[in-house]
Amino acid sequence: MADRFMEEAIAQAKLALQEDEVPVGAVIVKDGKIIARGHNRRMQNNDPTSHAETEASRAAAAYLGDWRLNGCTMYVTLEPCVMCAGAIAQSRLDAVIFGAYDGEFGCAGSRYNLPADGDIGGHTRVAGGLMQAECLQILQQYFEKRR
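Parameters and conventions
- Per chain, the residues get numbers from 1 upward, laid out in the order the sequence is written.
- Given that the model is predicted, a residue must reach a pLDDT of at least 70 before its local features are reported, and side-chain atom pairs must reach 80 or more before they are shown or counted; all residues, however, enter totals for whole chains, interfaces and linings.
- With hydrogens and water excluded, all non-hydrogen atoms of the structure serve as input to the side-chain values.
- By definition, any uninterrupted DSSP run of H or I lasting at least four residues is a helix, any uninterrupted run of E lasting at least two residues is a strand, and each is numbered from the N terminus.
- Here a polar contact is taken to be a pair of N or O atoms separated by no more than 3.5 Å, where protein atoms must pair a possible hydrogen donor with a possible acceptor and residues adjacent in sequence count only if both atoms sit in side chains.
- In what follows, a contact means two residues having at least one pair of non-hydrogen atoms within 4.5 Å.
- Type-normalised accessible area, obtained with a 1.4 Å probe on protein chains alone, sets the label of each residue: buried when under 20%, exposed when over 50%, and partly exposed for intermediate values.
- By nonpolar core we mean a set of buried residues, namely Ala, Val, Leu, Ile, Met, Phe, Trp, Tyr and Cys, connected to one another through side-chain atoms within 4.5 Å.

All right, on to the environment of Glu55 then. Inspection of the secondary structure puts Glu55 in helix α3 (residues 52-64). For the pair Glu55 and Asp119, spaced 64 residues apart in the sequence, the C-alpha separation amounts to 27 Å. A polar side-chain atom of Glu55 sits 3.2 Å from a polar atom in the side chain of Arg58.

Shown next, in the form of structure tokens:
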């Protein structure tokens, strides 16, 4: 079932690619159902916080009528950055599962695991590497085109 949700996140990343945004996509799941989707929209929105994770989190909060995303799991194609990892911890997501590791900016296991850091109130379970090759392929396609 996790693969199905990551495939939906990949579909969101492909939408970002079509919009000439860095192709990262995310979905949020509660009780086995996708309740929110998001993809990078920084250029489109002229907003540095419009990452896939924040877009999906805003949509999930609107759907639930609550900023607390307890009982929810986020699937995202790239390991969250420090901003998104902080937002994940603050939103009280139960888990985040990502595809590709980000050794340069990743803050959900590569550089630091902010969402799971109990010293700062984090309790989110984190797992990486789900469908990593597929997630990396979309990113590589985007950056090869840019060079």
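Let us keep going from here.
What follows is about the environment of Val76. Take Val76: it is sitting in strand β3 (residues 72-78). The spatial distance from the C-alpha of Val76 to the C-alpha of Thr49 is 16 Å, given a sequence separation of 27 residues. Those residues in contact with Val76, other than ones at most four positions away along the chain, are Met6, Ala9, Val24, Gly25, Ala26, Glu53, Val96, Ile97, Phe98 and Gly99.

Among the residues of helix α4 (residues 82-91), those classed as buried are Cys84, Ala85, Gly86, Ile88, Ala89 and Ser91. Buried residues along α4 sit against α3, β3 and β4 (95-100). Of the residues one or two after α4, Arg92 is the one with positive phi, at around 65°.

Quick look at the nonpolar core now. In terms of nonpolar packing, the biggest core is built from 37 residues, with Met6, Ile28, Leu69, Met74, Tyr75, Val76 and Leu93 touching the most fellow members. Those elements that place two or more of their residues in this core are α1 (2-18), β1 (25-30), β2 (33-39), α3, β3, β4 and α5 (132-146). Among the elements that take part in this core, α1 stands out by supplying six residues, more than any other. Apart from residues no more than four positions distant in its own chain, Ile28 is found in contact with Lys33, Ile34, Ile35, Ala36, Ala56, Ser57, Ala60, Leu69, Cys72, Thr73, Met74 and Leu93.

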